[in-house]
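A closer look at the structure
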There are 2 protein chains.
Amino acid sequence: MLPLIDHLRRRQAIAEQVGDGVLLTTDLTDVRWLTGFVGSSGWAVARGDDLFVGTDGRYGDKATDETAGCDATVIVERHASKLHDRLVELLAGGPVALDPAATNHDRWLTLACDVELVPSESPIRAARRVKDHAEIARIERAASIADAALADVEPEMEGMTELDVRAELEHRMITLGADDRSYDTIVAAGPEHGARPHHGASRRVITEGDTVIIDVGALVDGYHSDMTRSWVIGDASGQQREIYALVAESQRVGLAAVAHGVRASDVDAACRQIFDDAGYLDWYLHGTGHGVGLDIHEPPFHAPASQEVVEAGMVVTVEPGLYRGGFGGFRIEDLVLVTDTGHRLLTHAPKRELN
Amino acid sequence: MLPLIDHLRRRQAIAEQVGDGVLLTTDLTDVRWLTGFVGSSGWAVARGDDLFVGTDGRYGDKATDETAGCDATVIVERHASKLHDRLVELLAGGPVALDPAATNHDRWLTLACDVELVPSESPIRAARRVKDHAEIARIERAASIADAALADVEPEMEGMTELDVRAELEHRMITLGADDRSYDTIVAAGPEHGARPHHGASRRVITEGDTVIIDVGALVDGYHSDMTRSWVIGDASGQQREIYALVAESQRVGLAAVAHGVRASDVDAACRQIFDDAGYLDWYLHGTGHGVGLDIHEPPFHAPASQEVVEAGMVVTVEPGLYRGGFGGFRIEDLVLVTDTGHRLLTHAPKRELN
């Protein structure tokens, strides 16, 4: 059994931060983290000791059940205009903190007609960055399911289409106990598809000599995992071995850089340096990693311009790669829990040596 | 083969509407519809006869390939700040139309520092409502794949878990040629789960006497289908037969109301009236339908407060349902192409008579 998530503790922690103020969040992931409610429409308001969740008629019973743990007051209205009126009533009389990065512009303007909004970074978003043991247990289970699915499917891959490999991986993860895939599984093989970091799987058949990138994760109780493995079908060419070795070295160096207190930009710089030294920096098309939790991409982001610091309890990826049209590409990605002295790996699928 | 999508024609149609102005869209679905580019990050600018697509390094080659049909100029920058600068350069000198409903508030504020923004409903969104023959072909294929998957899985459902049924349906759709599921397939069985219109599939075993709701669609080249069927496992009770008959009648009446020029609120009212007459209106927890295309939920929305009119060439759902904790629920949903005189069904899975 997975440990229970303590929404009451979260509610209390956020209430302390909100103090005498009023906090509104319209971000559904923030609502889920704070209250337990999972839906495609809703908001939460923290006001003094009170916590309110608003949603529409499709989700009334579900919201009541799911928020029982934090004892929120659920407000259900079938019509959007009535739900808006109820929200305005709740927010009356004082300035309301709302995160502009998590709010649609149109919605902001509509609310601002009736309510005094104060743009503020959400304390929920900040709190979400460091994971508790119940969250780590979910992410770790998700990661182990993806490990097992890849181990099952990998040996059968040659001759299958990218799309069939994706379907097999995703089906296997459900069979192994995942609630869903974590994101659209990436299966990118050969000189053109492999050169695209975010290629969608196609009906192309995976063939001897192809570089292969598989980027796969599972979803467990809302929590994501994220992992990438790469290799070559059959014997690798000299250039394939050279590029793969660079990616593997960059990823080792990046992992070694992760620890509490390190700047996210330094993790990126460590990986990037390996590519720069070898003259392949222009084959590196993306940042080096990101946080993972209820969202597949969360802060902190390991990127050159990042101002963030990595902290113990964060769960982050390290995922350098090299890509070039006509060659293909490789990416290696692990998911790790940041600790005081370094990190603990959550993904354990073996990394190949190229033949 | 599916007919090609004519992005050049779309580009010309939008350029005519933009005239001497400048249009920016940051909505990824609008970008896809207009240019063919599919990614998780990007924007498009229409300015006189020019069309620009901007994105980050992960998508450079992909964007160039995918926009070849409309001959857009692709701008690629690896760093977000540089891509922002390039966008500001493109937009310099004149007022820029941007849809507030499709833009994040934070992003709006950032852009507004450098550019004169004019809040305007996007002409792309308006144009997307009426589908052309290439879009209808994709939606129709997606619908037929979901029909076939349901026909395969339905007879084996008793004794399976909701999650297993979902996994089988989704796997079957891929095997039948779908690129993906259209949305998280809903499998909701029994007195509690069936009472929740948007229940996620669980490990509950589907058992004799359960009401069952299956809401399933496929994705073909970015286009969605959407369909719901309901029934009872084994023999139905008197109440189950009564409620099912009401839902079936409401859905027939709703379908009959769909035609070019009809108000979307009247489609909703037609379905709602059946439930109201029978004294079950408080079991009806949602609107009656929505448009379907590159997004699974698009305008028009069949809802009491809708101001929209249904037009020939739109693809819409009609999906009344009744739900109650302790009883369960039923929903029946078809996807139809609106025609001048009525509609053409795109979903053909048989609707059950209850035993």
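Analysis parameters
Note that residues are indexed from 1 along each chain, following the sequence as it is written. In the order they appear in the text, chains get letters beginning with A and ligands get numbers beginning with 1. This being a predicted model, a pLDDT of at least 70 is required before a residue's local features are given, and a value of 80 or more before pairs of side-chain atoms are given or counted; all residues contribute to the totals for chains, interfaces and linings. Only runs of H or I of at least four residues qualify as helices and only runs of E of at least two qualify as strands under DSSP, and these elements are numbered from the N terminus. For the radius of gyration, the atoms used are the C-alpha atoms, and the globule rule reads 2.2 Å times the number of residues raised to 0.38. Residues with at least 20 neighbouring C-beta atoms inside 10 Å of their own are called buried, those with 12 or fewer are called exposed, and the rest are partly exposed, where every C-beta is derived from the backbone. Residue pairs are scored as contacts if the distance between their C-beta atoms, which are placed from the backbone, is within 7 Å. We superpose the copies by least squares over the C-alpha atoms of residues that have a pLDDT of at least 70 in both of them. Two strands pair under a simple rule: DSSP has to find at least two bridges between them. Geometry is summarised by axes, namely lines fitted to C-alpha atoms with helices restricted to the contacting stretch, and by angles between N-to-C directions that run from 0 to 180 degrees. Angular relationships are summarised with four words: roughly parallel below 35 degrees, roughly antiparallel beyond 145, roughly perpendicular across 65 to 115, and oblique for the angles in between. Less than a right angle of anticlockwise turn of the near helix away from the far helix marks a crossing as left-handed, whereas a clockwise turn marks it as right-handed. In the scheme used here, Gly and all other residues not listed as nonpolar or charged are polar, with Ala, Val, Leu, Ile, Met, Phe, Trp, Tyr, Cys and Pro taken as nonpolar and Asp, Glu, Lys and Arg as charged. The nonpolar core is taken to be a set of buried Ala, Val, Leu, Ile, Met, Phe, Trp, Tyr and Cys residues joined by way of C-beta atoms within 7 Å. Note that domain bounds follow an automatic or database assignment of domains. Each residue carries a pLDDT score, the predictor's own confidence in it, on a scale running from 0 to 100.

This part covers the overall build of chain A. In terms of regular secondary structure, chain A is built from 11 helices and 19 strands. Over its C-alpha trace chain A gives a radius of gyration of 22 Å, about what one expects of a compact globule, namely 20 Å for 355 residues. Across the 355 residues of chain A, 52% fall into the buried class. Long-range pairs, those at least 24 residues apart, make up 62% of the contacts in chain A between residues at least 6 apart in sequence.

For the rest of this paragraph, the subject is the relation of the copies chain A and chain B. Expressed as a screw operation, the relation of chain A to chain B combines 0.0 Å of axial shift with a rotation of 180°, fitting to an RMSD of 0.0 Å. Look at the turn and shift together and you get a two-fold axis relating the two. Within chain A, the C-alpha atom positioned nearest to the axis of rotation is that of His105(A), 1.9 Å from it. Here 100% of the interface residues in chain A have copies in chain B that are interface residues too; the copies meet face to matching face.

Right, let's get into the sheet that holds strand 11 (residues 223-224) of chain B. All names here are of chain B. The 3 strands lie next to each other as 7-10-11, forming an open sheet whose pairing is antiparallel. In this open sheet, the two edge strands, each paired with only one partner strand, are strand 7 (180-181) and strand 11. With 2 bridges joining them, strand 10 (residues 218-220) and strand 11 adopt antiparallel strand pairing. Pairing of Leu219 across the sheet is with His224, part of strand 11. Here helix 7 (residues 133-153) sits on the sheet in contact with strand 10 and strand 11, set at roughly 145° to strand 10.

All names here are of chain A. Here helix 10 (residues 238-257) crosses helix 11 (residues 264-277) at 155°, and the two axes come no closer than 8 Å. By the angle between their axes, helix 10 is roughly antiparallel relative to helix 11. Helix 10 and helix 11 meet at a crossing whose hand is right-handed. Contact with helix 10, carried on its side by Leu246, Glu249, Ser250, Val253, Gly254 and Ala257, involves Asp266, Val267, Ala270, Cys271, Ile274 and Phe275 of helix 11 and no other residues of that element.

Moving on, we get to unusual backbone geometry. Residues and elements named next belong to chain A. Cis geometry marks the peptide bond from Pro299 to Pro300, where omega comes out at 0°. Secondary-structure assignment places Pro300 in strand 14 (residues 298-302). A positive phi is found at Asp221, a non-glycine position, where the angle reads about 50°.

All names here are of chain B. An order of 4-3-2-1-5-6 is seen for the 6 strands of this open sheet, with the pairing classed as mixed. Because the sheet does not close on itself, it has two edges, and the strands there are strand 4 (73-76) and strand 6 (117-119). Direction aside, neighbouring strands of the sheet carry axes that sit 25° apart on average. In this structure, strand 3 (residues 50-55) lies alongside strand 4, joined through 4 bridges in parallel fashion. Looking across to strand 4, one finds that Thr55 is bridged to Val76. On top of the sheet, helix 2 (residues 28-35) reaches strand 1 (22-25), strand 2 (43-47) and strand 3; it is set at about 55° to strand 2, its chief contact.

So, on to the interface of chain A and chain B. Contacts between chain A and chain B engage 31 residues on the former and 31 residues on the latter. When contributions to the side of chain A that touches chain B are tallied by element, the ones reaching two or more residues are helix 3 (60-66), helix 5 (105-114) and helix 8 (162-175) of chain A. Of the residues belonging to the side of chain A that touches chain B, the class tally is 13 nonpolar, 12 polar and 6 charged.

This part is about the nonpolar core. Counting 196 residues, the largest nonpolar core has Val45(A), Ala142(A), Ala146(A), Val45(B), Ala142(B) and Ala146(B) as the members making the most contacts within it. Residues in contact with Ala142(B), not counting those within four places in the same chain, are Ala178(B), Ser182(B), Gly217(B), Ala218(B), Leu219(B), Val220(B), Tyr223(B), His224(B) and Ser225(B).

Residues and elements named next belong to chain A. Here chain A is described as being made up of domain 1 (7-128) and domain 2 (133-345). Taking only C-alpha atoms, the centre of domain 1 and the centre of domain 2 are 34 Å apart. Opposite the 5 residues of domain 1 that make contact, domain 2 presents 5 residues. Here the element with the most residues in the side of domain 1 that touches domain 2 is helix 2 (residues 28-35); it accounts for 3 residues. In terms of residue class, the side of domain 1 that touches domain 2 is made up of 2 nonpolar, 1 polar and 2 charged.

Low pLDDT means the predicted atomic positions in that stretch should not be read closely. Of the residues in chain A, 100% have a pLDDT of 70 or more, and the chain-wide mean is 95. Overall fold confidence for the complex sits at a pTM of 0.87, while the interface term, ipTM, reaches 0.77.

As a further point, take the environment of Ala188(A). Residue and element names in this part refer to chain A. Structurally, the position occupied by Ala188 is in strand 8 (residues 186-189). For Ala188 and Ser230, which are 42 residues apart along the polypeptide, the C-alpha to C-alpha distance reads 9.5 Å. Contacts of Ala188, omitting those with residues within four sequence positions, involve Glu162, His193, Gly194, Arg196, His199 and Ile213.

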